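One letter stands for each residue in the lines below.
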Amino acid sequence: MSRTAAILATILATVLALLAGPALAQGTAPSVHPGTKLNFAPTLGTAKLEHSTATPAAAGHGVGYTYTYSVGKMQITVDVFDGGRRVPSGTSNPTVATQFDSEATAAEQQIKAAGYTSFERPTVPSTCTYGAVAFRCLVYSASTGGTRLYSKLLMTGYHDNFVKISIIWSIGTGQTLNDADQALNSFIPALMH
């Protein structure tokens, strides 16, 4: 592994740990999510499953499942949770809009607290569609170690749960937003068919 790839892997692991929140007793997540019936196969599109975790219910947050995939030097993370309540389907309802704003704000705070600089994100999310599924989405970025990391955050309500997907990449390893969208265009329809 090159020095740049090793640094990127360390940075991505740090960002993912920060985004995961406080550590609770964890186990491996089931390959088929019990509520949504989404099948987290070893390969989805061009992405390969790296690992999964199940986090027990905590105050204000129901049981959560996280699935981490890799596509080249990019990582896709899928979080499926209900937040302790029934989640309406789609992107335009207030429950999903409020949770999305909360997730984006938490990501910004955690990344800044970890020492990342020059954090940038749009003030208003947009709607992105992959396959037949629409998501609230935004792209944010931050600098560290002489490189700029990017992440595209997606969220929708699906079968009474939040489905939050994020993909992380670095221009330092040659990836672009177009590469991330190609990976998502392969991954999401394979997951949510």
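This is a predicted model, so every value here is computed, not measured. (Residues numbered from 1 in each chain as written. Predicted model: local features only at pLDDT ≥ 70, side-chain atom pairs only at ≥ 80, totals over all residues. Heavy atoms only, no water.)

Student: Break down the pattern of salt bridges for me, citing the residues and quoting the values.
Tutor: With the rule as written, the count across this model stands at seven salt bridges. Across the pair Lys164 and Asp79 runs a salt bridge whose closest N-O atoms are separated by 3.6 Å. Taken together, the positions of Lys164 in strand S9 (residues 161–170) and Asp79 in strand S4 (residues 74–81) put the pair 85 residues apart, joining distant regions of the chain. With respect to class, Lys164 is no different from Asp79; both count as buried. One network of salt bridges, in which partners are shared, links Asp79, Glu103 and Lys164. (Salt bridge = Lys/Arg side-chain N within 4 Å of Asp/Glu carboxyl O. Helix = DSSP H or I, 4+ residues; strand = E, 2+ residues; numbered from the N terminus. Buried < 20%, exposed > 50% of the residue type's maximum accessible area, 1.4 Å probe, protein only.)

Student: Summarise unusual backbone geometry; cite the residues concerned and give the values.
Tutor: Only a minority of non-glycine residues have a phi that is not negative, and only a minority of peptide bonds are not trans. Although it is not a glycine, Lys37 adopts a positive phi angle of roughly 65°. With respect to the secondary-structure elements, Lys37 resides in the loop between helix H1 (3–20) and strand S1 (43–44). With relative accessibility at 59%, the residue Lys37 sits in the exposed group. The backbone phi angle of Ser118 is positive, close to 55°, even though this residue is not glycine. Its place among the elements puts Ser118 in strand S5 (residues 117–120). Accessibility expressed as a relative area gives 47% for Ser118, which makes it partly exposed.

Student: So what about the state of the cysteines? Which residues, and what values?
Tutor: One pass over the structure, following the stated rule, counts one disulfide. One disulfide in the model links Cys128 with Cys137; its S-S distance is 1.9 Å. In this structure, the disulfide formed by Cys128 and Cys137 twists by about 70° around the S-S bond and is classed as right-handed. As far as the burial class goes, Cys128 and Cys137 line up, both buried. (Disulfide = S-S within 2.5 Å.)

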